[in-house]
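What follows is the residue order along each chain.
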Amino acid sequence: MRTLLLDALLKGPLTEPAPAADDAELMALAAQLEGAARRRLGRGLAIRQVDAGSCNGCELEIHALSNAYYDLERFGLRFVASPRHADVLLVTGPVTANMREALLRTHAATPGPKWVVAAGSCACDGGMFAGSYACAGGVEAVLPVDLRIPGCPPSPATLLKGLIALLGR
Amino acid sequence: MPALFNVLASGRIRPDHRPWLRAEVDAALWCALAQQLAEGRWTLLGLWGDAGAVHMALLDATGGAVGVASLACADGTFPSVGRLHAPAQRLERTITDLFGLTPVDAPDTRPWLDHGRWPVSRPLAARPGAPEAAPYAFLPVEGEGLHEVAVGPVHAGIIEPGHFRFTANGEAVVRLEERLGYVHRGVEGLMAGASVAQGAALAGRVCGDSTVAYALAFARAVEAALGVAAPERAQWLRGLMAELERLANHIGDIGAVCNDAAFPRLLAPCAVLREQVLRAAEAGFGQRMMKDRIVPGGVTADLAPAGAARIRALVSTARAALPELISIYDGTASLQDRTAGTGFARPDLVARFGCGGFVGRASGRGFDARRVLPYAPYDALTFAVPVLDGGDVNARVWVRIKEVEQSLGLVTQMLDRMPEGPLGVDLPVPGAPCEGLALVEGFRGDVLAFVRLDAEGRIARCHLRDPSWFQWPVLEAAIEGNIIADFPLCNKSFNCAYAGVDL
Ligand code: SF4
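Residues numbered from 1 in each chain as written. Chains lettered and ligands numbered in written order. Predicted model: local features only at pLDDT ≥ 70, side-chain atom pairs only at ≥ 80, totals over all residues. Heavy atoms only, no water.

Structural notes on the interface of chain A and chain B
No. 1: Contacts between the two partners involve 45 residues from chain A, matched on the other side by 48 residues from chain B.
No. 2: Considering only the side of chain A, the residues that lose the most area to chain B are N98, M128 and Y133 of chain A, jointly responsible for 22% of the buried surface there.
No. 3: Applying the counting rule to chain A against chain B returns two salt bridges.
No. 4: Of the charged contacts in the structure, one is a salt bridge between E101 of chain A and R117 of chain B, with a shortest N-O distance of 2.7 Å.
No. 5: Connecting chain A to chain B are 17 residue pairs in polar contact (both at pLDDT 80 or more).
No. 6: Broken down by secondary-structure element, the contributors of at least two residues to the side of chain A that touches chain B are α1 (2-11), β1 (45-51), α3 (57-64) and α4 (97-109) of chain A.
No. 7: At seven residues, α3 of chain A tops the list of elements feeding residues into the side of chain A that touches chain B.
No. 8: Here the residues of the side of chain A that touches chain B sort into 26 nonpolar, 13 polar and six charged. (Contact = heavy atoms within 4.5 Å. Buried area = accessible area lost by both parts, 1.4 Å probe. Salt bridge = Lys/Arg side-chain N within 4 Å of Asp/Glu carboxyl O. Polar contact = N/O pair within 3.5 Å; in protein donor to acceptor, adjacent residues only side chain to side chain. Helix = DSSP H or I, 4+ residues; strand = E, 2+ residues; numbered from the N terminus. Nonpolar A, V, L, I, M, F, W, Y, C, P; charged D, E, K, R; others polar.)

Now the structure itself:
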């Protein structure tokens, strides 16, 4: 414990500055959300992550957002356990036939206003699993999508960029 | 000659299968092998379907040999192995779901991967059928005072989807029944007819935390089929990537297990250390998880010029950080109170199911593919395979701590002695169908890959077997008698794959 306190005092935080949202899609979304989201939700968003058939690679990078380097919560973004507490559904995977209903139910359980973010190539358009008998081929095939964050998996910095854009900063 | 080869030799040996033996056997020999599995003479490594046939991979642990027995299913049936040997049951249910082949006298005939949601049934059979949807019959529960708790597929945390049906008496779990298959993406269907390059990319996307292990298993199976070997430098770079992957997962999970015991004090530094591993991997190989870096024939990226120094720096950082993390883990009574004695995996069950990885090695089963069936570069490196017999959450954490130490040593050895040379060889066009099998040690245990190529070198059949096929059932047993509140802790200490087994 002593070393921990000393380290914290002497070494300073590991947390890195936030990446800027430079992407056109992100800017447009930020502008669109600016009014509604800010007015109703203030400067914080609750995120419910749903794995709809991911290989788990995307989840690992989403997890990384909570480590000291990225420290997601400093932006007012936090992961919540229930869709009933969520403003944003962060969906990964190509939406397998076996997860389709669970995803729809999770969406239905999320109170409005709500946004759907597709994270990762699989969620964006099915990725390598598009065309399989077992997949819908992306979140768009099942739910209206507000933001796509491509990458296989998207790096934590890329994810952070997209999520910050949701706050319209 | 290993005993397994002698037994298989009475079948018809396939000359186009490498590097071990595959024999076409008759129903009598198939049943005899199943009986010997049940007697503990062999360990089941895999059981999978094909067009009109089933294959069973066996390990002869004493002889360090692997063999495959194949049985033609002329009438669409085969004698059930699961009838005698429980570890085969879910694999047989999968064969029925995907190929429509029926295990005769199987004790459990419920579907496994097929939830009645696909547009077809038996998608990999020559003639797929119409979808069949029937409500899933969970095992019946009877008894006074028992209640059921259903959890999933969507969980509270950021984890993969699966359904857990607990039967509890008060707080104590009397039975857990797992239902998986939610992330079935049809990997083996997409593999059929794909090029080797597409197959490698798909293999790397089966199970995200083991992308290196899967790509390596697939590459080695293709290379075995074609009778080629990756150049030495490529093999060593693959080893380096595999150990970095092991480090990232072990370190991250040690923190996560402690977090599930309500001790985030260790989650934070472990998450930082894991991030440092991923950043070193990115500096070395251009991608945090080293996805798409291993392909049949070699590797696609050399170690970046600054990469070696960056990885060495990581090793020193980790070596400096570990003693304190270990002393916190070992010296916090409230944490030990949660991990010691919890989630006991019985050694006899672990041996019967052939649990690989730290689940096996924490319950006395010392199998490690790097040691028992050594492949490059491990045959030239020095490392220990830590084995404990505690069988509880604590033992699984300790095995992983010790494996972190071993992997750090392996990384240093590989950097010190990295051979020079080319990064890949061109793959020949086979000209005739050929097959290969590979077994590779991922962080979770041994990943099996079977690949059959057609004459043009396209994939005719590819089967990938995740280590968790044989770990999930043991988790059901390990949770018995524990309180429901300890399930996340037990579950995390096993850390079974969902995507890997759902395919
Ligand atoms: S985008 Fe890539 S990492 Fe994410 S789920 Fe798909 S295959 Fe896995």
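Things to note about the sheet that holds strand β16 (residues 459-465) of chain B
Residue and element names in this part refer to chain B.
No. 1: If you walk across this open sheet you meet the four strands as β2-β14-β15-β16, and the pairing is mixed. Each of the sheet's edge strands pairs with one partner strand only, and the pair in question is β2 (17-18) and β16.
No. 2: As judged from the two bridges shared by β2 and strand β14 (residues 434-441), these two strands associate in the parallel manner. When the sheet's bridge partners are listed, H17 is paired in β14 with E435. (Pairing = 2+ DSSP bridges.)

Topic: the site of the ligand
No. 1: All residues in the neighbourhood of the ligand are listed as S54, C55, G57, C58, G120, S121, C122, G151, C152 and P153 of chain A together with R205 and K291 of chain B.
No. 2: Per-site note: the chains with residues close to the ligand are chains A and B.
No. 3: Of all the cavities here, the one that holds the ligand is the largest cavity.
No. 4: Looking at the shell around the ligand, the elements with two or more residues in it are α3 and α5 (121-125) of chain A.
No. 5: Residues that form the shell around the ligand fall into these classes: five nonpolar, five polar and two charged. (Near = heavy atom within 4 Å. 1 Å grid on protein atoms, 1.4 Å probe; cavity = no way out; pocket = protein on both sides within 12 Å on 5 of 7 lines; lining within 4 Å. Sits in = over half its atoms within 2 Å of the grid points.)

Details of the sheet that holds strand β3 (residues 21-24) of chain B
All names here are of chain B.
No. 1: The sheet built from five strands is open, its strands ordered β1-β3-β6-β5-β4 with mixed pairing. Both edges of this open sheet fall to β1 (12-13) and β4 (43-50), since each of them pairs with a single strand only.
No. 2: Summarising the sheet, β3 and strand β6 (residues 65-72) pair through four bridges and their orientation is parallel. Looking at the pairing, A23 lines up with A69 of β6.
No. 3: The strands touched by helix α2 (residues 27-38) within the sheet are β4, β5 (53-60) and β6, with β5 carrying the most contacts at an inclination of about 40°.
No. 4: In the packing of helix α3 (residues 89-99) onto the sheet, contacts are made with β4 and β5, and the angle to β4 comes to roughly 10°. (Axes fitted to C-alpha atoms, helices over the stretch in contact; angles between N-to-C directions.)

Some points on helix α9 (residues 307-331) of chain B
Helical geometry: 3.6 residues make up each α-helical turn, so side chains three or four residues apart lie on a common side.
Residues and elements named next belong to chain B.
No. 1: With 25 residues, α9 extends 36 Å between its outermost C-alpha atoms, agreeing within 8% with the 36 Å of an ideal straight helix rising 1.5 Å per residue.
No. 2: At L322, α9 shows its largest kink, close to 35°, and the proline P323 lies no more than four residues downstream.
No. 3: By the burial criterion, the buried members of α9 are G307, I311, L314, V315, A318, L322, L325, I326, I328 and Y329. (Expected span 1.5 Å × (residues − 1). Bend = angle between axes of the 7 residues up to and from the residue. Buried < 20%, exposed > 50% of the residue type's maximum accessible area, 1.4 Å probe, protein only.)

Focus: empty space enclosed by the protein
No. 1: Scanning the model with the defined rule gives nine cavities of 30 Å³ or more in all.
No. 2: Its boundaries defined by the atoms lining it, the largest cavity holds a volume of some 100 Å³.
No. 3: Along the walls of the largest cavity sit 14 residues, with C55, C58, C122 and C152 of chain A together with K291 of chain B positioned nearest its centre.
No. 4: Sorting the residues of the lining of the largest cavity by element identifies α3 and α5 of chain A as the ones contributing at least two each.
No. 5: Of the residues contributing to the lining of the largest cavity, the split by class is six nonpolar, six polar and two charged. (Points joined across faces, edges and corners; volume = space filled by probe spheres on them.)

What to know about the pattern of salt bridges
Pairs can form between side chains of opposite charge whenever their charged atoms are close.
No. 1: Counting across every chain of the model gives 36 salt bridges over all chains.
No. 2: Here R288 of chain B ties to E61 of chain A by a salt bridge, and the two come within 2.5 Å at their closest N and O atoms. Taken together, the residues R288 of chain B in the loop between α8 (264-285) and β12 (294-295) and E61 of chain A in helix α3 connect one chain to another. Exposure class is identical for R288 of chain B and E61 of chain A. Each is buried.
No. 3: We note a salt bridge from R205 of chain B to D292 of chain B, for which the minimum N-O separation is 2.8 Å.

Regarding the packing of aromatic side chains
All names here are of chain B.
No. 1: The final tally for this structure, using the stated rule, is 12 aromatic pairs over all chains.
No. 2: Summarising the aromatic geometry, the rings of Y375 and Y378 are spaced 5.4 Å apart at their centres and angled 85° between planes, so their arrangement reads as edge-to-face.
No. 3: We classify Y375 as buried; its relative accessible area is 5%.
No. 4: Through successive ring pairs, a cluster of aromatic residues spans F164, F166, W472, F487 and Y498.
No. 5: Across from the ring centre of Y378, 5.5 Å away, lies the NZ or CZ of R370, which sits over that ring.
No. 6: One residue, R400, lies across the ring of F358, its end atom 3.9 Å from the ring centre. (Phe/Tyr/Trp six-rings, centres within 6.5 Å; stacked < 30°, edge-to-face > 60°. Lys NZ or Arg CZ within 6 Å of the ring centre and 35° of its normal.)

Description of helix α6 (residues 211-226) of chain B
All names here are of chain B.
No. 1: Compared with an ideal rise of 1.5 Å per residue, which puts 16 residues at 22 Å, α6 spans 22 Å between its outermost C-alpha atoms and is within 8% of the ideal.
No. 2: The buried fraction of α6 amounts to 15 of the 16 residues, a majority that puts the element mostly inside the structure.
No. 3: Downstream of α6 by one or two residues, G227 has phi in the positive range, about 70°.

Section: the confidence of the model for chain B
No. 1: For chain B, the average pLDDT comes to 94, and 100% of its residues sit at 70 or higher.
No. 2: Of the two predicted TM-score estimates for the complex, the pTM is 0.94 and the ipTM is 0.93. (pLDDT = per-residue confidence, 0-100.)

Topic: the side chain of D209 of chain B
No. 1: Along the chain, D209 of chain B turns up in the loop between α5 (196-203) and α6.
No. 2: Among the polar contacts listed, one links the side chain of D209 of chain B to the side chain of S210 of chain B, at a separation of 3.0 Å.
No. 3: Excluding its chain neighbours within four sequence positions, the residues that come into contact with D209 of chain B are N56 and L60 of chain A together with E245, N249, F443 and R444 of chain B.

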